[in-house]
2 protein chains.
Amino acid sequence: MAQKGDLMTVRSDIQILDATIRDGGLVNNFDFSEDFINALYRANVKAGVDYMEFGYKASKELFDPDKFGKWKFCEEEDIRKVVGENNSDLKISVMADVGRCDYKKDIIDRKDSVIDMVRVATYVHQMPAAIDMIEDAKAKGYEVTCNIMAISNAKEADIETALEMVGKSSADGIYIVDSYGSLYPEEIRRIADKYMEVAEKYNKYIGMHAHNNQQLAFANTIEAAARGVSLLDATMMSMGRGAGNCAMELLISFLKNPKYNVFPVLKFIEEHMLPLKEQGVVWGYDIPYLLTGRLNQHPSSAIDFTKAGRNDYTEFYTDLLDK
Amino acid sequence: MAQKGDLMTVRSDIQILDATIRDGGLVNNFDFSEDFINALYRANVKAGVDYMEFGYKASKELFDPDKFGKWKFCEEEDIRKVVGENNSDLKISVMADVGRCDYKKDIIDRKDSVIDMVRVATYVHQMPAAIDMIEDAKAKGYEVTCNIMAISNAKEADIETALEMVGKSSADGIYIVDSYGSLYPEEIRRIADKYMEVAEKYNKYIGMHAHNNQQLAFANTIEAAARGVSLLDATMMSMGRGAGNCAMELLISFLKNPKYNVFPVLKFIEEHMLPLKEQGVVWGYDIPYLLTGRLNQHPSSAIDFTKAGRNDYTEFYTDLLDK
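Throughout, residues of each chain are indexed from 1 in the direction in which the sequence is written. Chain A is the first chain written and ligand 1 is the first ligand written, with later ones labelled in order. A pLDDT threshold of at least 70 governs which residues receive local features in this predicted model, and a stricter bar of 80 or more applies before side-chain atom pairs are shown or counted, although totals over entire chains, interfaces and linings include all residues. Note: side-chain values were computed over all heavy atoms of the structure, leaving out hydrogens and water.

## Describing the sheet that holds strand E4 (residues 117–122) of chain A
All names here are of chain A. Worth spelling out the cut-off: For two strands to pair, DSSP has to find at least two bridges joining them. Secondary structure follows DSSP: runs of H or I at least 4 residues long count as helices, runs of E at least 2 residues long count as strands, and numbering of each begins at the N terminus. A fitted line through C-alpha atoms serves as each axis, taken over the contacting stretch for helices, and the angle formed by two N-to-C directions is quoted from 0 to 180°. The contact criterion used is simple: two residues touch if any of their non-hydrogen atoms lie within 4.5 Å.
With parallel pairing, eight strands are arranged side by side around a closed barrel as E1-E2-E3-E4-E5-E6-E7-E8. Shown here is a sheet whose adjacent strand axes are inclined to one another by a mean of 25 degrees, direction ignored. Strand direction decides the pairing type here: strand E6 (residues 173–177) and strand E7 (residues 205–209), joined by five bridges, are parallel. Counterpart to Gly-173 in the pairing with E7 is Tyr-205. Against the sheet, helix H6 (residues 156–168) makes contact with strand E5 (143–148) and E6, and its axis sits at roughly 175 degrees relative to E5, the strand it touches most.

Structure below.
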């Protein structure tokens, strides 16, 4: 597949999704202040960001609301407290995990909601359940994406079957998700070409959600974009599980569309992300994450290692090799 | 130009150069302990690194030896104190800056030296002086590279002329140097193809020296490699001026050649790089470097900003836009 666009002009199909609360919430248990959320919403609107993801629509049967911040559940009224009727160009998204969301009950009709998009997160082996959630959200009137996670650990034939299943569904978009941050740009280009073929066959768009285990989240995101991928996830100062995601400040500096403005992003980081770091909330590239990424493993062991304040990398690496 | 190699096999032409002392020395004024240097040498030998750069051959007329650590000058006897006769496969390199090196005097015959390679660092407008240094080092028996710096700020026609000049010289290799960390993978591929054409025409190899201002040092290094570039610079834990360089731990984890071993690198980082960080030596990706990189400016203003302990990014950005 040929390169789409170049470094001088604008690709008007490209859009940015801010996933700071949703992926960043995995780091601090969704414990964000009202002030932080309000400022983030305003910063995204000012920066020209296209979508802001407020968090998960997690089941309150499965997860105790007393043990998590409210953005794990994204109640309609909580979002409205921040955005009112959302009189802006910024669209609002939530993520719904297969097997962790009472979607039939908790996702209401779009006409009664301030939410614009539902992103269904699934593993390859859960595709039938994912399709059911996609059709449910679509029937309720939402824009819907299907985010197939951990593809670096899935069989290619299974990914192809999954892509055909989503292709035939009502989903509007399909996401490439590098959950373990293990993929190199060369692989991302190959994967993006495969996803783009499905997109063209079924008239859908492709998204990219990267992790920064090998300092490749930004590189992989812009390389995917150059193959035609158009919905790009980023988070303020990379905040996200483990090594974090593609940094909003890098992505918005890179894109040439004059609707984007890096200034409100820098201001938000200065006023709200730096204090979070100072409070001891930890995320971002570090050697333990490089090692799990390199070995194509879930970052959980690296997260535990980091939380324990350990830095005996050689011991950690030896342990990983035994897994 | 077609891709060279793939993610499964070994490209035996690829070699790694450790530039921790030389580029990292720009951060701490070359103030490394004996213990650090000795351990780094041993780690590089064990890790299978191909070249270790000990520092600069700077003129003692221009720079006061009392004001810099000894690796700014790389005296023969100082290197020998670390490596003895260097009975290893690791080659030793030094960098010589055009206009800052008394090369006729300070670079002795290779037969009397433990140094294997001289890297001549030059700006495009200094090419005639660079060629004189290249021929001098070559006549003395050294492997020689020409590192053309700051190409993101040079005219393409001038770069082409410079490449022809080096092509016709006795240099063994030519380096792509992204001094400001401003180049994207897409540009690096284009530049690598151009350099590789010269390399094939004149029978030379091409090297890559990246900076991490936009978290692209590793990505740009492996993308350059995939176009045929074969001498890859890296530093322990990215240590280098401003945002630092391509991280050795990332590069050596990526390469498939069984001669490379990440374990001694992790051990060195654990025992020697973390203490350096704890002592307050500062380098690595940060927002001010992203901004100078994005604007294709020298990182000096970002270094000053960081040293001053400032984090008013918006003010800094506004100032940069005025430059």
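Having seen the structure, we can now continue with the description.
## Re the packing of helix H13 (residues 313–321) of chain A against helix H10 (residues 263–278) of chain B
Note the cut-off: An angle counts as roughly parallel when it lies under 35 degrees, as roughly antiparallel when it exceeds 145, as roughly perpendicular when it falls between 65 and 115, and as oblique in every other case.
At a minimum axis separation of 8 Å, H13 of chain A and H10 of chain B run at an interaxial angle of 150 degrees. Judged on the interaxial angle alone, H10 of chain B and H13 of chain A are roughly antiparallel. For the pair H13 of chain A and H10 of chain B, contact is made by Tyr-313, Thr-314, Tyr-317 and Thr-318 of chain A and by Phe-263, Leu-266, Lys-267, Ile-269, Glu-270 and Leu-274 of chain B, respectively.

## Things to note about the relation of the copies chain A and chain B
Stated formally: Residues below a pLDDT of 70 in either copy are left out; the C-alpha atoms of the rest, at least 70 in both, set the least-squares superposition of the copies.
Rotating chain A by 180 degrees and translating it 0.0 Å along the rotation axis places it on chain B, where the RMSD comes to 0.0 Å. Put plainly, the chains are arranged around a two-fold axis. Of all interface residues in chain A, 100% are interface residues in chain B too; the two copies therefore contact each other through one and the same surface.

## What to know about the environment of Asn-28 of chain B
Residues and elements named next belong to chain B. Our working definition: Three labels apply to residues, based on accessible area from a 1.4 Å probe with only protein chains included: buried if under 20% of the type maximum, exposed if over 50%, partly exposed otherwise in between. Here a polar contact means two N or O atoms within 3.5 Å. Within protein one must be a hydrogen donor candidate and the other an acceptor candidate, and residues neighboring in sequence count only if both atoms are side-chain atoms.
Mapped onto the fold, Asn-28 is located in helix H1 (residues 20–28). Take Asn-28: its relative accessible area is 11%, and that puts it in the buried class. Counting along the chain gives 248 residues from Asn-28 to Leu-276, while the straight-line C-alpha distance between them is 9.6 Å. A polar side-chain atom of Asn-28 sits 3.1 Å from the main-chain amide nitrogen of Phe-30.

## Description of the pairing of strand E8 (residues 231–234) of chain A
All names here are of chain A. Both faces of E8 are covered, namely the face carrying Leu-231 and Asp-233 and the face carrying Leu-232 and Ala-234. Examined bridge by bridge, strand E1 (residues 15–18) and E8 share four bridges and lie parallel to one another. In the strand pairing of E8, Gln-15 is matched with Leu-231. Here E7 runs beside E8; their pairing, made up of two bridges, is parallel. What sits directly across from Met-208, in E8, is Leu-232.

## Comments concerning the sheet that holds strand E3 (residues 91–97) of chain B
A barrel is described by the order of its strands in space; here eight strands give the closed sequence E1-E2-E3-E4-E5-E6-E7-E8 (chain B), paired in parallel fashion. Pairwise comparison of adjacent strand axes, ignoring direction, gives a mean angle of 25 degrees for this sheet.

## Some thoughts on the nonpolar core
Note the cut-off: The definition of a nonpolar core used throughout is a set of buried Ala, Val, Leu, Ile, Met, Phe, Trp, Tyr and Cys residues joined through side-chain atoms within 4.5 Å.
Of all hydrophobic cores here, the largest spans 250 residues; its most connected members are Phe-54 of chain A together with Phe-54 of chain B. Residues contacting Phe-54 of chain B, with those up to four places away along its chain left out, are Ile-21, Ile-37, Tyr-41, Trp-71, Cys-74, Ile-79, Val-82, Val-83, Ile-92 and Ser-93 of chain B.

## Topic: the confidence of the model for chain A
The condition that has to hold: Confidence of the prediction at every residue is given by pLDDT, a number between 0 and 100.
Residues of chain A with pLDDT of at least 70 account for 100%, and the chain-wide mean is 97. If you check the scores for this complex, the pTM reads 0.97 and the ipTM reads 0.96.

## Examining the pattern of salt bridges
To be explicit about the condition: What counts as a salt bridge is simple: a side-chain nitrogen of Lys or Arg found within 4 Å of a carboxyl oxygen of Asp or Glu.
Taken as a whole and judged by the stated rule, the model has 58 salt bridges over all chains. Among the ionic pairs, Glu-223 of chain A bridges to Arg-189 of chain A, the shortest N-O distance being 2.9 Å. Of this pair, Glu-223 of chain A sits in helix H8 (residues 217–226) while Arg-189 of chain A is found in helix H7 (residues 185–202), placing the two residues 34 residues apart along the sequence. Here the two residues Glu-223 of chain A and Arg-189 of chain A agree in accessibility, since each one is buried. A salt bridge links Lys-4 of chain B to Glu-200 of chain B, with the shortest nitrogen-to-oxygen separation between them at 4.0 Å. Of this pair, Lys-4 of chain B sits in the segment before strand E1 (15–18) while Glu-200 of chain B sits in helix H7 (residues 185–202), and the two are 196 residues apart along the sequence.

## Overview of the interface of chain A and chain B
For clarity, the threshold we go by: Throughout, the ten residues Ala, Val, Leu, Ile, Met, Phe, Trp, Tyr, Cys and Pro are labelled nonpolar, Asp, Glu, Lys and Arg are labelled charged, and all others, Gly among them, are labelled polar.
Each partner contributes to the interface: chain A provides 42 residues, whereas chain B provides 42 residues. The interface formed by chain A and chain B holds two salt bridges in total. Secondary structure elements with two or more residues in the side of chain A that touches chain B: H7, H8, helix H9 (248–254), helix H10 (263–278), helix H11 (287–294) and H13 of chain A. Of the residues belonging to the side of chain A that touches chain B, the class tally is 21 nonpolar, nine polar and twelve charged.

## Points about the side chain of Asp-97 of chain A
Selection rule: For the purpose of charge, His is not counted, nor are the chain termini; Lys and Arg are scored as positive and Asp and Glu as negative.
Relative to the helices and strands, Asp-97 of chain A is located in strand E3 (residues 91–97). Of the buried charged residues, Asp-97 of chain A lacks a salt bridge, with Arg-100 of chain A as the closest side chain of opposite charge at 4.0 Å.

## Let's talk about unusual backbone geometry
All names here are of chain A. Its identity is not glycine, yet Phe-30 carries a phi of approximately 65 degrees, on the positive side. Mapped onto the elements of the fold, Phe-30 is located in the loop between helix H1 (20–28) and helix H2 (34–47). Despite not being glycine, Ala-150 has its phi angle at roughly 55 degrees, a positive value.

## Remarks on the side chain of Lys-57 of chain B
Residue and element names in this part refer to chain B. Within the fold, Lys-57 resides in the loop between strand E2 (51–56) and helix H3 (76–83). Although Lys-57 is buried, it makes no salt bridge; Glu-75 carries the closest opposite charge, 5.2 Å away. For Lys-57, the side chain forms a polar contact with the main-chain oxygen of Asp-106, separated by 3.4 Å.

## Re the packing of aromatic side chains
Each aromatic ring pair is described using two quantities: the centre-to-centre distance and the angle formed by the ring planes. All names here are of chain A. Here is the rule we go by: Only rings of Phe, Tyr and Trp enter the pairing, Trp through its six-membered ring, and a pair is recorded when the two centres are within 6.5 Å. The plane angle decides the type: under 30 degrees is stacked, over 60 is edge-to-face, the rest tilted. Criterion for a charge above a ring: Arg CZ or Lys NZ at most 6 Å from the ring centre, at most 35 degrees from the ring normal.
Per the counting criterion, the structure on display carries 22 aromatic pairs over all chains. Look at Phe-54 and Trp-71: their rings are 5.5 Å apart centre to centre, the planes differ by 55 degrees, and that puts the pair in the tilted class. Of the two residues, Phe-54 sits in strand E2 (residues 51–56) while Trp-71 sits in the loop between E2 and helix H3 (76–83), which places them 17 residues apart along the sequence. We note that Phe-54, like Trp-71, is buried. Ring geometry for Phe-218 against Phe-254: centres 6.0 Å apart, planes inclined by 80 degrees, an arrangement best described as edge-to-face. Note that Phe-218 is positioned in helix H8 and Phe-254 in helix H9, a separation of 36 residues in sequence. Take Phe-218: its relative accessible area is 1%, and that puts it in the buried class. Phe-254 sits in the buried class, given a relative accessible area of 13%. Through a chain of ring-to-ring contacts, three or more aromatic side chains come together here, namely Phe-32, Phe-36 and Phe-268. Above the plane of the ring of Trp-283 lies Lys-277, whose end atom (NZ or CZ) is 4.1 Å from the centre.

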